[in-house]
Amino acid sequence: MLTCAVLILLISSQSNGVKVDVKVVDSHSQIGQGQSGLYRPGANKLTASRDPGPLCAHSDLAQIVGKCYDIEVSEYKYAVCPFHNITQHEVALKWNAYHGILGIWSHWSYDNLYSKFAHGHYTDGDTCTKNDKTILRTALLHHTCGKRTRVVSVGEPDTCAYNITLESPLFCHSVFSDVYNALPENERKEFAMSTLEFKHNVLTDEGLKVERRKILDRIGCLNMKKEFKDLEECEREYNDLIKEHKDLDEKCSSEADENKYDELQNKYDELKRVVAESGLVFPDDL
């Protein structure tokens, strides 16, 4: 079909005394929009909207950084590049085949007490339409034990949100999933101390979470960015926060609340005095 079109165009142009050069070029993607064109490995270049996040994993996992693992499902080829990005390429022979980014490495999710890595989050993929709203594609990467490193499954449980499973011998050992083993030496001491205090009931579950979140935040391994499904959700939460702030401001302006504040401040000062007399250091003075 393409050959016929080229011949017709050349014949038509030459009949008018004008010679036309016909070129077939790659159409490079704009950020967030993917690109069209036949899939040719290495030829379809995509442009990411940002750099990947920090590795935040055991140093031995660096051996799969920079490598990509492919799987073909139906008419699509998926390329998983751990701790970099995940892309999708439509291999169907049609002029508008899709090639785009499903997500860029962002952060880990953790188990309940932040002791183990759970899933990898890849965010800020190409734009996508869901329920007449424009959102960004995302992918959740699950890691399982396997004899070799390969992508074993791809699914799209929700529009533009992908679940992908990567298996590898690297994921067969708990040493790679333990957060402790991924920490710098100086942070391991703090992590071990929080574990000890938790075992001796000095820290509650919530207290342990707070301490470990502080550690992960210090080394840049905690996602502090609130992610919204769309702009409307972001605006709703912003307006709710404004209203909550206004309500609190009005409540705190009452005389009763001022008296309550003074009462609590006096108790706080008394507690601080007792702690100091006991030869201990008050948390605020650390």
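Residues numbered from 1 in each chain as written. Predicted model: local features only at pLDDT ≥ 70, side-chain atom pairs only at ≥ 80, totals over all residues. Heavy atoms only, no water.

Tallying secondary structure elements over the protein chain gives six helices and 11 strands in all. For the protein chain, buried positions account for 29% of its 286 residues. Of all intrachain contacts in the protein chain linking residues separated by at least 6 positions in sequence, the fraction that spans at least 24 positions is 45%. (Helix = DSSP H or I, 4+ residues; strand = E, 2+ residues; numbered from the N terminus. Buried < 20%, exposed > 50% of the residue type's maximum accessible area, 1.4 Å probe, protein only. Contact = heavy atoms within 4.5 Å.)

Time to look at the nonpolar core. Among the nonpolar cores identified, the biggest contains 33 residues, and Trp 108, Tyr 110 and Leu 216 are the most heavily contacted of them. For this core, the secondary structure elements donating two or more residues are β2 (69-73), β3 (76-81), β5 (98-110), β6 (117-123), β9 (138-145), β11 (161-168) and α4 (205-218). Sequence-distant contacts of Trp 108, defined by excluding residues within four places in its chain, comprise Leu 55, Cys 56, Ala 57, Phe 83, Phe 117, Ala 118, His 119, Gly 120, His 121 and His 143. (Core = buried A, V, L, I, M, F, W, Y, C linked by side-chain atoms within 4.5 Å.)

The subject of this paragraph is the packing of aromatic side chains. For the coordinates displayed, the defined rule picks out nine aromatic pairs. For the ring pair Trp 108 and Phe 117, a centre distance of 4.7 Å and an interplane angle of 35 degrees mean the geometry is tilted. Taken as a pair, Trp 108 and Phe 117 share a single burial class, namely buried. An aromatic cluster of at least three residues, connected via ring pairs, comprises Phe 83, Trp 105, Trp 108, Tyr 110, Tyr 114, Phe 117 and Tyr 122. (Phe/Tyr/Trp six-rings, centres within 6.5 Å; stacked < 30°, edge-to-face > 60°.)

The subject of this paragraph is α4. Structural remark: α-helix, 3.6 residues per turn; residues separated by three or four positions point the same way. Taking 1.5 Å per residue, 14 residues should reach 20 Å; α4 reaches 20 Å between its end C-alpha atoms and fits that length. Three or more residues of α4 are buried, namely Gly 207, Leu 208, Lys 209, Arg 212, Ile 215 and Leu 216. (Expected span 1.5 Å × (residues − 1).)

The next point concerns the pairing of strand β4 (residues 85-90). Burial of β4 is extensive: five of the six residues sit out of reach of the surface. Both β3 and β4 contribute to a ladder of six bridges, which runs antiparallel. Looking at β4, one finds that Lys 77 is bridged to His 89. For β4 and β5, the ladder comprises five bridges, and the chain directions are antiparallel. (Pairing = 2+ DSSP bridges.)

Turning to the pattern of salt bridges, a few remarks are in order. Where charged atoms from two side chains of opposite charge approach closely, those side chains can pair. Applying the stated criterion to the full structure yields nine salt bridges. A salt bridge links Arg 218 to Glu 187, with the shortest nitrogen-to-oxygen separation between them at 2.8 Å. Note that Arg 218 is positioned in helix α4 and Glu 187 in helix α3 (residues 185-199), a separation of 31 residues in sequence. Classification of Glu 187 by relative accessible area gives buried; the value is 8%. Lys 214 is paired through a salt bridge with Glu 211; the nearest N and O atoms lie 3.6 Å apart. You can see Lys 214 and its partner Glu 211 sitting in helix α4, three residues apart, about one turn around the helix. A relative accessible area of 30% means that Glu 211 is categorised as partly exposed. (Salt bridge = Lys/Arg side-chain N within 4 Å of Asp/Glu carboxyl O.)

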